[in-house]
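Structure at a glance
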Amino acid sequence: MLPDPDRLAALTAEALKVGWLTNGGALHLKLEKALSAKEDKNRVASLVSSGTMALMLALGLGDLPQGAEVITTPLTFAATSQAIYWCGLKPVFADVDPVTLTLCPLAVRAAITARTAAILPVHFLGVPCDVHAISEVAQQHDLWLVYDAAHAFGVTFDDRPIGSFGDASAFSLHATKILHTGEGGYITTSRNQAANVRQMRNFGIKAGRAVGKGLNGKMSELNAAMGLSLLPDLPAELAARRALRKTYNGLFREISGIEIHGTRPGASESLGFYALRMPSALREKSYHALLQERIFARDHFPLLCGPDTFWPDSPVVTANGRSPVAPCVGSEIICLPFHGRITQTDATQIATIIAEAVDNRRRG
Ligand SMILES: *Cc1c(COP(=O)(O)O)cnc(C)c1O
């Protein structure tokens with residue numbers, strides 16, 4: 001989304017007028033309130049400088065011993081495991097469920113060792129994790145549970161906002177996400193924990209003294225202005241995306257050999273992604289056929305462990321010693337252009353290109 005330039009200028013002028021550029025100014029407070037209002041009554045949002053920072057501080061809340069293991073998914077954006085690394089912790093990759101592509105609770109159980117301290121699942125492509133089963137594992141083994149909700153802004157599960165699950169949930173407000181502040185992020189937690197987040201994002205300072213661990217995780221007024229200037233446009237954008245999903249569904253249901261990546265029963269649909277699944281060779285063909293028409297799909301996401309990654313020697317742990325599905329399913333996903341300015345004509349063109357790409361391959 002791009003903000004209305006006049007609205008953004010007016011908000012920025014407010015910050016300039018009072019001469020307050022960062023450290024919890026009026027715009028920051030206003031955006032924090034607006035985001036908290038979207039959460040359950042017992043949860044509040046705390047703004048930070050990025051989604052990666054949100055993940056780091058959400059892990060930081062758990063006071064986990066240095067070097068401890070955090071079980072996470074290999075099928076996500078690089079930020080998830082990098083946040084674990086920068087907290088002095090070690091990612092352990094467990095396999096995903098073949099249908100939802102979210103962390104498999106049985107694989108999580110299989111990955112638990114004496115050194116495990118936390119679980120960091122991702123609501124991948126906006127599909128909620130099996131939060132009930134994962135929460136049961138966390139409780140049984142006394143593990144800190146943080147969700148990476150960067151893909152799941154606006155999603156609900158069992159009629160609850162997605163940010164209400166786990167000990168904390170981390171959201172990104174990066175320019176590529178639905179609502180954004182250019183760069184930014186936020187954490188949803190209980191009120192008590194929010195006080196700790198707010199101390200950590202400000203160098204661990206309380207009443208003028210550095211009393212705990214902390215760093216600079218603050219969001220500036222200019223970034224908050226960006227987020228506030230987008231808020232009034234959000235309902236129309238989300239409505240347009242819901243309509244686009246219906247249009248896409250109608251078009252792609254007609255094409256055999258590809259699958260629409262749906263969501264989990266009980267969840268609202270992803271507003272951040274429209275994903276198809278198809279054999280990886282067809283995905284490559286579709287991606288390049290679209291690119292030739294200057295249509296930029298995304299072949300999200302390469303695996304975060306294994307050869308040529310930062311974690312070359314980390315296996316993907318599975319339940320019952322099965323071979324992992326994450327390395328295969330990752331190369332079957334293609335995310336289509338999905339935002340409010342895609343027209344019916346655009347959608348039809350995209351579907352036609354993909355139908356042809358898929359068909360060509362079959363003919364050989
Ligand atoms: C975007 C994203 C992040 C990181 O957010 P930044 O704001 O870019 O730091 C973390 N996890 C996932 C799954 C993401 O897609």
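For the structure, see preceding data.
A brief look at the structure comes next.

1. Some details on the overall build of the chain
- Along the chain, the regular secondary structure elements total 12 helices and 15 strands.
- For a compact globule of 364 residues, the expected C-alpha radius of gyration is about 21 Å, and the chain comes in at 21 Å, within 12% of that figure.
- On the principal axes, the C-alpha backbone points of the chain span a range of 70 × 55 × 40 Å.
- With 364 residues in all, the chain has 53% of them scored as buried.
- Here the analysis covers contacts within the chain between residues at least 6 apart in sequence; of these, 71% occur between residues at least 24 apart.
- Entry remark: accessible area of the chain is about 16500 Å², with carbon and sulfur atoms responsible for 54%.
- For the chain, the distance from the average site of its 35 positive side-chain charges to the average site of its 33 negative ones is 4 Å.

2. A word on the packing of helix H1 (residues 5–18) against helix H8 (residues 221–230)
- Put simply, H1 and H8 touch, their axes get as near as 9 Å, and they point 145 degrees apart. As H1 runs across H8, the sense of the crossing is right-handed. Between H1 and H8, the contacting residues are Arg 7, Leu 8, Leu 11, Thr 12 and Ala 15 on the first element and Glu 221, Leu 222, Ala 225, Met 226, Leu 228 and Ser 229 on the second.
- Residue composition of the contact of H1 with H8, by class: 7 nonpolar, 2 polar and 2 charged.

3. So, the site of the ligand
- Lining the immediate surroundings of the ligand are 14 residues, of which Gly 51, Thr 52, Asp 148, Ser 172 and Lys 177 lie closest.
- Within the contact set of the ligand, an oxygen atom lies 2.7 Å away from a backbone nitrogen or oxygen of Gly 51.
- Lys 177 is positioned with one of its side-chain polar atoms (N or O) 3.3 Å from an oxygen atom of the ligand.
- When isolated, the ligand has an accessible area of 380 Å², and the protein chains bury 92% of it.
- Going through the elements one at a time, helix H3 (51–60) and helix H4 (79–86) are the ones with two or more residues in the shell around the ligand.
- Looking at the shell around the ligand, its residues break down into 3 nonpolar, 9 polar and 2 charged.

4. Here we look at the sheet that holds strand S14 (residues 316–317)
- Taking strand neighbours across the sheet as the criterion, the 8 strands line up as S1-S9-S8-S5-S4-S2-S3-S14 in an open arrangement whose pairing is mixed. Looking along the sheet, the strands with just one partner apiece sit at the ends: strand S1 (44–48) and S14.
- Here 4 bridges tie strand S2 (residues 69–72) to strand S4 (residues 116–120), and the two strands are oriented parallel to one another. Directly across from Ile 71, in S4, lies its bridge partner Ile 119.
- Contacting S1 and strand S9 (185–189), helix H2 (residues 26–36) crosses the sheet at an angle of about 140 degrees to S1.

5. Quick word on H2
- Among the residues making up H2, those that are buried are Leu 27, His 28, Leu 31, Glu 32, Leu 35 and Ser 36. Each buried residue of H2 sits inside an arc of 170 degrees when the element is viewed along its axis, so together they form one side. Those residues of H2 that are exposed and aimed more than 90 degrees away from the buried face are Ala 26 and Lys 33.
- Residues of H2 that are buried in the fold lie against H1, S1, S9, helix H7 (191–200) and H8.

6. Thoughts on the pairing of strand S8 (residues 168–172)
- Counting buried positions over the 5 residues of S8 gives 5, a clear majority of the element.
- Relative to S8, strand S5 (residues 144–148) is paired through 3 bridges, and the arrangement is parallel. Directly across from Tyr 147, in S8, lies its bridge partner Ser 169.
- When S8 meets S9, the two strands line up antiparallel, connected through 4 bridges. Each bridged residue has a counterpart across the sheet, and for Ser 169 the counterpart in S9 is Thr 188.

7. So, unusual backbone geometry
- Across the junction of His 300 and Phe 301, the peptide omega takes the value -15 degrees, indicating a cis bond.
- Counting through the fold element by element, Phe 301 comes out in the loop between helix H10 (280–292) and S14.
- The backbone of Phe 203 sits at a positive phi, close to 65 degrees, despite the residue not being glycine.
- Here Phe 203 shows up in the loop between H7 and strand S10 (205–206).
- Located in the positive-phi region is Asp 308, a residue other than glycine, with phi close to 60 degrees.

8. Some words on the pairing of S1
- Within S1, 5 of the 5 residues are buried, which leaves it mostly tucked inside the rest of the structure.
- Here S1 shows a buried face lined by Val 44, Ser 46 and Val 48 and a second buried face lined by Ala 45 and Leu 47.
- Two elements, S1 and S9, share 5 bridges in a ladder whose sense is antiparallel. Within the sheet, the bridge partner assigned to Ala 45 lies in S9 and is Thr 188.

About the cut-offs
Residues numbered from 1 in each chain as written. Predicted model: local features only at pLDDT ≥ 70, side-chain atom pairs only at ≥ 80, totals over all residues. Heavy atoms only, no water. Helix = DSSP H or I, 4+ residues; strand = E, 2+ residues; numbered from the N terminus. Rg over C-alpha atoms; globule rule 2.2 N^0.38 Å. Buried < 20%, exposed > 50% of the residue type's maximum accessible area, 1.4 Å probe, protein only. Contact = heavy atoms within 4.5 Å. Areas by Shrake-Rupley, 256 points an atom, 1.4 Å probe, with all protein chains shown as cover. Lys, Arg positive; Asp, Glu negative; His and termini not counted. Charge placed at Lys NZ, Arg CZ, Asp CG, Glu CD. Axes fitted to C-alpha atoms, helices over the stretch in contact; angles between N-to-C directions. Left-handed = near helix turned anticlockwise from the far one by under 90°. Nonpolar A, V, L, I, M, F, W, Y, C, P; charged D, E, K, R; others polar. Near = heavy atom within 4 Å. Polar contact = N/O pair within 3.5 Å; in protein donor to acceptor, adjacent residues only side chain to side chain. Pairing = 2+ DSSP bridges. Arc of directions from axis to C-beta.

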